[in-house]
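# Structural characterization, general
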Amino acid sequence: MGLFRPSAQDDAFYKLLADSARLGVDAASTLTQMLASGATEREELLPQLKSIEHEADEATHAVIHKVNSSFVTPFDHGDIVELAAALDDCTDALESVGQMVVLYRMDGLMPEVTQQMEVISRMAELTAEAMPRLSTMKELREYWVEINRLENEGDVIYRTLLRDLFGGAVTDPIEVIKHKDIIERLEQAADAFEKVAHRVETIAIKES
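Figured I'd write up the structure that's included with this text. (Residues numbered from 1 in each chain as written. Predicted model: local features only at pLDDT ≥ 70, side-chain atom pairs only at ≥ 80, totals over all residues. Heavy atoms only, no water.)

In this section: the overall build of the chain. A tally of regular secondary structure across the chain gives six helices and zero strands. Ordered by position in the sequence, the α and β elements of the chain form the string α-α-α-α-α-α. In terms of C-alpha radius of gyration, the chain reaches 18 Å, essentially the compact-globule figure of 17 Å for 208 residues. When its C-alpha atoms are laid out on the principal axes, the chain stretches across 65 × 30 × 20 Å. Per-residue burial for the chain yields a buried fraction of 49% across its 208 residues. Look at the contacts in the chain between residues 6 or more apart in sequence, and 81% of them connect residues 24 or more apart. For the chain, the separation between the mean place of its 20 positive charges and that of its 39 negative charges on side chains is 3 Å. (Helix = DSSP H or I, 4+ residues; strand = E, 2+ residues; numbered from the N terminus. Rg over C-alpha atoms; globule rule 2.2 N^0.38 Å. Buried < 20%, exposed > 50% of the residue type's maximum accessible area, 1.4 Å probe, protein only. Contact = heavy atoms within 4.5 Å. Lys, Arg positive; Asp, Glu negative; His and termini not counted. Charge placed at Lys NZ, Arg CZ, Asp CG, Glu CD.)

Structural data, given as structure tokens:
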């Protein structure tokens, strides 16, 4: 392998990225709890979600600091930073949903929102599982193909929710606006996980 064998420093990058992805799983789990809870419980859970989002910010900064202080990185500096930022965007998107659900004081959500959240949670889990595999660049194609499939599934749920919302499932105009915002924010979260998969695919192609 010569002088360019993976080093402990390389391993640190993979660990930092894996830690960041795991925070996305934690955020998805906490948000799932929030969406299934009443207004009071949601307010109690929100600080936990905010704390996870703060940890995600710190994890991103740790990756950027590591990149800036390292002469040799396991793959392109810019790709590492962009991947770290994309992972952080996932947690940010999930935290924004929790913030707005509490702000809106919504009594109940449309049933299909649970399906939307299940898709996002699975995307978060697959993302966390994929990050350590960057060290070998093996078995990553299955990850981004499945993420793409899940995002398409999420799109169908999203369109169904909008159809039902404007078809009379919610009648109060103000409540329609609230529900639409939550549904769209969840769709943005799914999109954020797909963008991570696109980043991983780009890196894998470059390194192949």
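Okay, back to it.
The next point concerns the side chain of His179. Tracing the chain through its elements places His179 in helix H6 (residues 173-207). When sequence neighbours within four positions are dropped, the list of residues in contact with His179 reads Met106, Gly108, Leu109, Met110, Leu165 and Val170.

What follows is about the pattern of salt bridges. Summed over the entire model, instances satisfying the criterion amount to eleven salt bridges. For the salt bridge of Arg149 with Glu153, the shortest nitrogen-to-oxygen distance reads 3.1 Å. With a gap of four residues between them, Arg149 and Glu153 both fall in helix H5 (residues 141-169), about one helical turn apart. Its relative accessible area of 40% is what places Arg149 among the partly exposed residues. Measuring nitrogen to oxygen at the nearest pair gives 2.7 Å for the salt bridge that ties Glu184 to Lys180. Remark: Lys180 and Glu184 occur in helix H6; sequence separation between them is four residues, near one turn of the helix. Residue Lys180 is classed as partly exposed on the basis of its relative accessible area, which comes to 29%. (Salt bridge = Lys/Arg side-chain N within 4 Å of Asp/Glu carboxyl O.)

Let's shift gears to helix H3 (residues 77-104). For H3, spanning 28 residues, the distance from its first C-alpha to its last is 41 Å, which sits close to the expected 40 Å at 1.5 Å a residue. You can read the cap of H3 off the contacts: a side-chain oxygen lies 2.9 Å from the backbone nitrogen of Gly78, and it is on Asp76. Of the residues flanking the end of H3, it is Arg105, one or two places downstream, whose phi is positive at about 50°. (Expected span 1.5 Å × (residues − 1). Polar contact = N/O pair within 3.5 Å; in protein donor to acceptor, adjacent residues only side chain to side chain.)

Summarising the element assignment, Thr160 is placed in helix H5. On a C-alpha basis, the gap between Thr160 and Glu112 in space is 8.3 Å, while along the polypeptide they are 48 residues apart.

With respect to the helices, strands and loops of the structure, Glu151 is situated in helix H5. Here Glu151 is buried and forms no salt bridge, its nearest opposite-charge partner Arg159 lying at an N-O distance of 7.8 Å. Leave out the neighbours within four places in its chain, and Glu151 touches Met123, Glu187, Ala190, Asp191 and Glu194.

The next thing to look at is the nonpolar core. Core analysis: the biggest nonpolar cluster contains 72 residues, and Met131 and Tyr143 have the highest contact counts within it. Broken down by secondary-structure element, the contributors of at least two residues to this core are helix H1 (8-35), helix H2 (39-68), H3, helix H4 (112-130), H5 and H6. Once residues within four sequence positions are removed from consideration, Met131 is found in contact with Leu17, Ala18, Ala21, Leu83, Leu87, Tyr143, Val196 and Val200. (Core = buried A, V, L, I, M, F, W, Y, C linked by side-chain atoms within 4.5 Å.)

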